[in-house]
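Chain by chain, the residues run as shown.
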Amino acid sequence: MTIDFKGKTAVIFGASRGIGEAIATTIAQCGAKVYVAARSEKSSGQVKEKLESLGYEVEACVADVSDYEQVDAVLCRAIEDTGRLDIVVNNAGIVCLSSFLDATQEEIHGLININLMGANNGCQAAIKHMIDLGIEGKIVNTSSFVGRHALEAGFSHYGMTKAGVIYLTQAAAYAGAPHNINVNAVCPGIIRSAMWESILDSYVESGLDREESWKESLKTFIPLARGDQKAEDIANAVAFLCSEYADHITGQSLNVDGGAAMN
């Protein structure tokens, strides 16, 4: 099975590092022209340089995904350049480790604005443009295994926003379905990304050993004994959902989490 995105245009939000960068790389490897969007010009520019050095066609963009107009501007730029919008991935996200009772209003609203409204803005704007262009596009949102079920400790409001992304994916899929626009989500497990490094930082501040905390987290949450997940595992799933092989898959949230959430 070969995935071929030659001649297609893809926009990846939250593409500056970790899972987002891996998704951008994989989509570019499959032949698409990729627009990488991040909150800073420096971070998106670094990804552009890296991928261009590998021979891929990439453009760097800046967007705060909580702002609909900024999201739409990135999509408009891609359309103006290529006349197309085939793939949109809403991957931007932040994490907060405050407990349910201790989380501040600022922390909660920040999570909602980036994790949930960011995905909403990407879906709404992308579907409208795909309809106008007459393109049967593919949209993928990044949720999480903690969006499937609450954990006893930590991730309370983060998980709430990621659960919202799952519902959002279904609602957007209904909106896109009459136009053959597919909307799906991926639910990653524990990946040693920059986000998880920040989580481990908090463990170290509490007096715990970094590497032991990482091993314990894997043991606690991930049944599959295959070892660490990689960002590329998620990127491969996204590429599949954006391909012709997933033409009849929509409104689904695919767990790619080593069995952390078996539902």
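You'll find the structure just up there.
This section reports on the structure supplied with the text. Since we're looking at a predicted model, the values are computed, not measured.

Reading the values: the criteria
- Residues numbered from 1 in each chain as written.
- Predicted model: local features only at pLDDT ≥ 70, side-chain atom pairs only at ≥ 80, totals over all residues.
- Heavy atoms only, no water.
- Helix = DSSP H or I, 4+ residues; strand = E, 2+ residues; numbered from the N terminus.
- Polar contact = N/O pair within 3.5 Å; in protein donor to acceptor, adjacent residues only side chain to side chain.
- Contact = heavy atoms within 4.5 Å.
- Salt bridge = Lys/Arg side-chain N within 4 Å of Asp/Glu carboxyl O.
- Buried < 20%, exposed > 50% of the residue type's maximum accessible area, 1.4 Å probe, protein only.
- Expected span 1.5 Å × (residues − 1).
- Core = buried A, V, L, I, M, F, W, Y, C linked by side-chain atoms within 4.5 Å.
- Pairing = 2+ DSSP bridges.
- Axes fitted to C-alpha atoms, helices over the stretch in contact; angles between N-to-C directions.
- Left-handed = near helix turned anticlockwise from the far one by under 90°.
- Nonpolar A, V, L, I, M, F, W, Y, C, P; charged D, E, K, R; others polar.
- Right-handed = clockwise from strand over helix to strand, strands pointing away.

### Focus on the side chain of Asn184
As for its placement among the helices and strands, Asn184 is situated in strand β6 (residues 182-188). At 3.2 Å, the side chain of Asn184 forms a polar contact with the backbone nitrogen of Gly251. When near neighbours in sequence (up to four residues on either side) are disregarded, Asn184 contacts Ile139, Val140, Asn141, Thr169, Leu241, Ile249, Thr250, Gly251 and Gln252.

### Things to note about the pattern of salt bridges
Should the charged atoms of two oppositely charged side chains come close, the side chains can pair. On inspection of all chains with the given rule, the structure shows nine salt bridges. Lys138 is the partner of Asp247 in a salt bridge, and the nearest nitrogen-oxygen pair spans 2.8 Å. Separated by 109 residues along the polypeptide, Asp247 in the loop between α8 (231-241) and β7 (253-256) and Lys138 in strand β5 (residues 138-142) bring together distant segments of the chain. Accessibility expressed as a relative area gives 41% for Asp247, which makes it partly exposed.

### Focus: helix α4 (residues 105-133)
With 29 residues, α4 extends 40 Å between its outermost C-alpha atoms, agreeing within 8% with the 42 Å of an ideal straight helix rising 1.5 Å per residue. Looking one or two residues beyond α4, the residue adopting positive phi is Gly134, at roughly 70°.

### Section: the nonpolar core
In terms of nonpolar packing, the biggest core is built from 34 residues, with Phe5, Ile12, Ile23, Ile27, Val34, Val36 and Val238 touching the most fellow members. Counting residues per element, this core draws most heavily on α8, at seven residues. When sequence neighbours within four positions are dropped, the list of residues in contact with Val34 reads Ala10, Ile12, Ala24, Ile27, Ala28, Glu57, Val58 and Glu59. Formed by 26 residues, the second largest nonpolar core is a distinct cluster that contains Tyr35, Cys61, Leu85 and Ile114.

### Description of the sheet that holds β7
What the seven strands build is an open sheet, ordered β3-β2-β1-β4-β5-β6-β7; its pairing is parallel. At either margin of the open sheet sits one strand with a lone partner, and together these are β3 (58-62) and β7. Averaged over all neighbouring strand pairs, the angle between strand axes comes to 20°, with direction disregarded. Two elements, strand β1 (residues 9-13) and strand β2 (residues 33-38), share five bridges in a ladder whose sense is parallel. Each residue of the ladder has a partner; that of Ile12, found in β2, is Val36. Across the sheet, helix α2 (residues 41-53) is in contact with β2 and β3; its angle to β3 comes to roughly 175°.

### A look at the environment of Glu80
Following the sequence through the fold, Glu80 ends up in helix α3 (residues 68-82). Here the alpha-carbon distance between Glu80 and Ile27, two residues 53 residues apart in the chain, equals 20 Å.

### Focus on the packing of α3 against α4
Geometrically, a packed helix pair is captured by the angle between its two axes and the distance between the axes. Between α3 and α4, the shortest axis-to-axis distance is 9 Å and the interhelical angle comes to 35°. Judged by the sense of rotation from one axis to the other, the crossing of α3 with α4 is right-handed. In contact with Tyr68, Val71, Asp72, Leu75, Cys76 and Ile79 of α3, α4 contributes Asn121, Gly122, Gln124, Ala125, Ala126, Lys128, His129 and Leu133. The residue inventory of the contact of α3 with α4, partitioned by class, reads eight nonpolar, four polar and two charged.

### Points about the environment of Val65
Residue placement: Val65 occurs in the loop between β3 and α3. With a relative accessible area of 5%, Val65 lands in the buried category. Linking Val65 and Trp196, residues 131 residues apart in sequence, is a C-alpha distance of 21 Å. Once residues lying within four places of it in the same chain are set aside, the contact partners of Val65 are Phe13, Val71, Ala92, Ile114, Met117, Gly118 and Asn121.

### Some words on the pairing of β1
A large share of β1 lies buried, amounting to five of its five residues. This β-α-β element, β1 to helix α1 (residues 18-29) to β2, shows right-handed connectivity. For β1 and strand β4 (residues 87-90), the ladder comprises four bridges, and the chain directions are parallel. Of the residues in β4, the one forming a bridge with Ala10 is Ile87.

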